[in-house]
Amino acid sequence: QVQLVESGGGLVQAGGSLRLACAASGLTFSRYVMAWFRQGPGKERENVAAISSSGGSRYYADSVKGRFTIARDNAKNTVTLQMNSLQPEDTAVYYCAAVEGGGPAYVYTRRSSYAYWGQGTQVTVSS
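The present account deals with the structure reproduced in this document. Being a predicted model, the structure only gives us computed values, none of them experimental.

### With respect to the pattern of salt bridges
Phase 1 of the analysis: Tallied over the entire structure, the rule returns four salt bridges.
Phase 2 of the analysis: Notably, a salt bridge pairs R38 with D90, separated by 2.9 Å at the nearest N-O pair. Of this pair, R38 sits in strand 4 (residues 32–39) while D90 sits in the loop between strand 8 (78–83) and strand 9 (92–100), and the two are 52 residues apart along the sequence. In this structure, R38 and D90 share a single accessibility class: buried.
Phase 3 of the analysis: Residue D90 is joined to R67 by a salt bridge in which the shortest nitrogen-to-oxygen separation is 2.8 Å. One end of the pair, D90, is in the loop between strand 8 and strand 9; the other, R67, is in the loop between strand 6 (58–60) and strand 7 (68–73), and 23 residues separate them in sequence.
Phase 4 of the analysis: Take D90: its relative accessible area is 0%, and that puts it in the buried class.
Phase 5 of the analysis: A single network of salt bridges, built from pairs that share partners, joins R38, E46, R67 and D90.

Next up, the structure:
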(Lines give C-alpha, C1' and ligand atoms only; values in the text may rest on other atoms or scores of the structure.)
Protein backbone atom coordinates (compact mmCIF):
# COMPACT_ATOMS: atom_id res chain seq x y z
CA GLN A 1 0.00 0.00 0.00
CA VAL A 2 1.47 3.32 -1.09
CA GLN A 3 1.50 5.98 1.59
CA LEU A 4 2.73 9.56 1.47
CA VAL A 5 2.85 11.42 4.76
CA GLU A 6 3.59 15.13 4.93
CA SER A 7 4.99 16.95 7.93
CA GLY A 8 6.46 20.31 8.81
CA GLY A 9 3.54 22.64 8.28
CA GLY A 10 2.64 25.34 10.73
CA LEU A 11 2.20 29.03 11.37
CA VAL A 12 4.96 31.43 10.40
CA GLN A 13 5.28 35.18 10.01
CA ALA A 14 5.83 36.76 6.61
CA GLY A 15 9.49 36.56 5.68
CA GLY A 16 10.00 33.39 7.64
CA SER A 17 10.86 29.86 6.57
CA LEU A 18 9.48 26.36 6.87
CA ARG A 19 10.64 22.99 5.63
CA LEU A 20 8.10 20.41 4.63
CA ALA A 21 8.90 16.73 4.40
CA CYS A 22 7.13 13.83 2.74
CA ALA A 23 7.86 10.27 3.77
CA ALA A 24 6.97 7.68 1.15
CA SER A 25 6.40 3.98 1.66
CA GLY A 26 5.00 1.08 -0.32
CA LEU A 27 6.72 2.08 -3.55
CA THR A 28 10.09 1.91 -5.23
CA PHE A 29 10.83 5.51 -4.45
CA SER A 30 13.68 5.95 -6.92
CA ARG A 31 11.31 5.22 -9.81
CA TYR A 32 8.91 8.04 -8.95
CA VAL A 33 8.66 11.67 -9.83
CA MET A 34 7.74 13.57 -6.68
CA ALA A 35 5.95 16.87 -6.41
CA TRP A 36 4.45 19.40 -4.06
CA PHE A 37 1.06 20.93 -4.75
CA ARG A 38 -0.83 23.48 -2.74
CA GLN A 39 -4.40 24.63 -2.43
CA GLY A 40 -5.19 27.97 -0.86
CA PRO A 41 -8.62 29.15 0.28
CA GLY A 42 -10.92 29.51 -2.70
CA LYS A 43 -8.23 28.42 -5.14
CA GLU A 44 -7.54 25.41 -7.31
CA ARG A 45 -4.83 22.97 -6.37
CA GLU A 46 -1.63 24.00 -8.12
CA ASN A 47 1.79 22.47 -8.65
CA VAL A 48 4.54 24.43 -6.93
CA ALA A 49 7.52 22.12 -7.42
CA ALA A 50 8.48 18.76 -8.88
CA ILE A 51 11.62 16.66 -8.98
CA SER A 52 12.55 13.86 -11.34
CA SER A 53 13.09 10.33 -10.10
CA SER A 54 16.86 10.71 -10.18
CA GLY A 55 16.80 14.18 -8.65
CA GLY A 56 18.53 15.60 -11.72
CA SER A 57 15.65 17.77 -12.90
CA ARG A 58 13.56 20.22 -10.91
CA TYR A 59 10.54 22.33 -11.74
CA TYR A 60 9.23 25.37 -9.89
CA ALA A 61 6.17 27.49 -10.42
CA ASP A 62 7.01 31.10 -11.21
CA SER A 63 5.37 32.21 -7.98
CA VAL A 64 7.87 30.30 -5.84
CA LYS A 65 11.00 30.26 -7.99
CA GLY A 66 13.98 31.53 -6.06
CA ARG A 67 12.25 31.06 -2.71
CA PHE A 68 11.43 27.35 -2.57
CA THR A 69 13.74 24.39 -3.06
CA ILE A 70 12.63 20.82 -3.67
CA ALA A 71 15.02 17.98 -2.88
CA ARG A 72 14.90 14.23 -2.45
CA ASP A 73 16.85 11.56 -0.68
CA ASN A 74 16.26 8.27 -2.45
CA ALA A 75 18.06 6.36 0.28
CA LYS A 76 15.59 7.64 2.86
CA ASN A 77 12.48 7.68 0.66
CA THR A 78 11.83 11.33 1.42
CA VAL A 79 11.20 14.52 -0.48
CA THR A 80 11.43 17.96 1.09
CA LEU A 81 10.32 21.46 0.27
CA GLN A 82 12.39 24.24 1.79
CA MET A 83 10.29 27.40 1.78
CA ASN A 84 11.99 30.73 2.40
CA SER A 85 10.76 34.32 2.33
CA LEU A 86 7.23 33.14 2.92
CA GLN A 87 4.37 35.50 2.13
CA PRO A 88 0.68 35.43 3.04
CA GLU A 89 -0.18 34.27 -0.47
CA ASP A 90 1.75 31.07 0.26
CA THR A 91 -0.90 30.12 2.81
CA ALA A 92 -2.37 26.81 1.70
CA VAL A 93 -2.63 23.13 2.38
CA TYR A 94 0.46 21.56 0.87
CA TYR A 95 0.26 18.09 -0.63
CA CYS A 96 2.92 15.59 -1.58
CA ALA A 97 2.30 13.62 -4.77
CA ALA A 98 4.01 10.78 -6.63
CA VAL A 99 3.90 9.20 -10.07
CA GLU A 100 6.13 6.58 -11.64
CA GLY A 101 8.15 8.13 -14.43
CA GLY A 102 11.62 8.86 -15.73
CA GLY A 103 11.18 12.12 -17.62
CA PRO A 104 12.20 15.66 -16.69
CA ALA A 105 10.29 17.34 -13.91
CA TYR A 106 8.56 19.94 -16.07
CA VAL A 107 6.60 17.18 -17.81
CA TYR A 108 4.79 16.40 -14.56
CA THR A 109 2.96 19.58 -13.60
CA ARG A 110 -0.67 18.52 -13.90
CA ARG A 111 -2.75 17.09 -11.08
CA SER A 112 -3.83 14.33 -13.44
CA SER A 113 -0.23 13.15 -13.81
CA TYR A 114 -0.06 11.92 -10.22
CA ALA A 115 -1.23 8.58 -8.98
CA TYR A 116 -0.63 8.97 -5.25
CA TRP A 117 -1.30 11.78 -2.81
CA GLY A 118 -0.67 12.57 0.80
CA GLN A 119 -3.25 14.01 3.16
CA GLY A 120 -1.70 17.46 3.20
CA THR A 121 -0.18 19.76 5.78
CA GLN A 122 -1.36 23.28 6.56
CA VAL A 123 0.98 26.22 6.04
CA THR A 124 -0.24 29.56 7.32
CA VAL A 125 1.75 32.74 6.78
CA SER A 126 0.68 35.77 8.79
CA SER A 127 1.22 39.35 7.70
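### Regarding the environment of P41
Phase 1 of the analysis: Mapped onto the secondary structure, P41 falls in the loop between strand 4 and strand 5 (46–51).
Phase 2 of the analysis: The sequence separation of P41 and E89 amounts to 48 residues, and the corresponding C-alpha distance is 9.9 Å.

### Some thoughts on unusual backbone geometry
Phase 1 of the analysis: The backbone of N77 shows a phi angle near 55°, a positive value even though the residue is not glycine.
Phase 2 of the analysis: When you line up the elements, N77 lands in the loop between strand 7 and strand 8.
Phase 3 of the analysis: Even without glycine at this site, S85 takes up a positive phi of about 50°.
Phase 4 of the analysis: If you trace the backbone, S85 turns up in the loop between strand 8 and strand 9.

### Considering the side chain of R38
Phase 1 of the analysis: Classification of R38 by relative accessible area gives buried; the value is 5%.
Phase 2 of the analysis: At 3.5 Å, the side chain of R38 forms a polar contact with the side chain of S63.
Phase 3 of the analysis: Contacts of R38, omitting those with residues within four sequence positions, involve E44, R45, E46, V48, S63, V64, F68, E89, D90, A92, V93 and Y94.

### Overview of the pairing of strand 11 (residues 121–126)
Phase 1 of the analysis: In strand 11, alternate side chains face the same way, and those of T121, V123 and V125 are buried while those of Q122, T124 and S126 on the opposite face are not.
Phase 2 of the analysis: In terms of strand pairing, strand 2 (residues 10–13) meets strand 11 through four bridges, oriented parallel. Note on strand 11: the bridge partner recorded for L11 is T124.
Phase 3 of the analysis: Sheet analysis places strand 9 next to strand 11, joined by three bridges and oriented antiparallel.

Conventions and cut-offs
- Residues numbered from 1 in each chain as written.
- Predicted model: local features only at pLDDT ≥ 70, side-chain atom pairs only at ≥ 80, totals over all residues.
- Heavy atoms only, no water.
- Salt bridge = Lys/Arg side-chain N within 4 Å of Asp/Glu carboxyl O.
- Helix = DSSP H or I, 4+ residues; strand = E, 2+ residues; numbered from the N terminus.
- Buried < 20%, exposed > 50% of the residue type's maximum accessible area, 1.4 Å probe, protein only.
- Polar contact = N/O pair within 3.5 Å; in protein donor to acceptor, adjacent residues only side chain to side chain.
- Contact = heavy atoms within 4.5 Å.
- Pairing = 2+ DSSP bridges.

Note that all results are geometric; they support no functional claim without further evidence.
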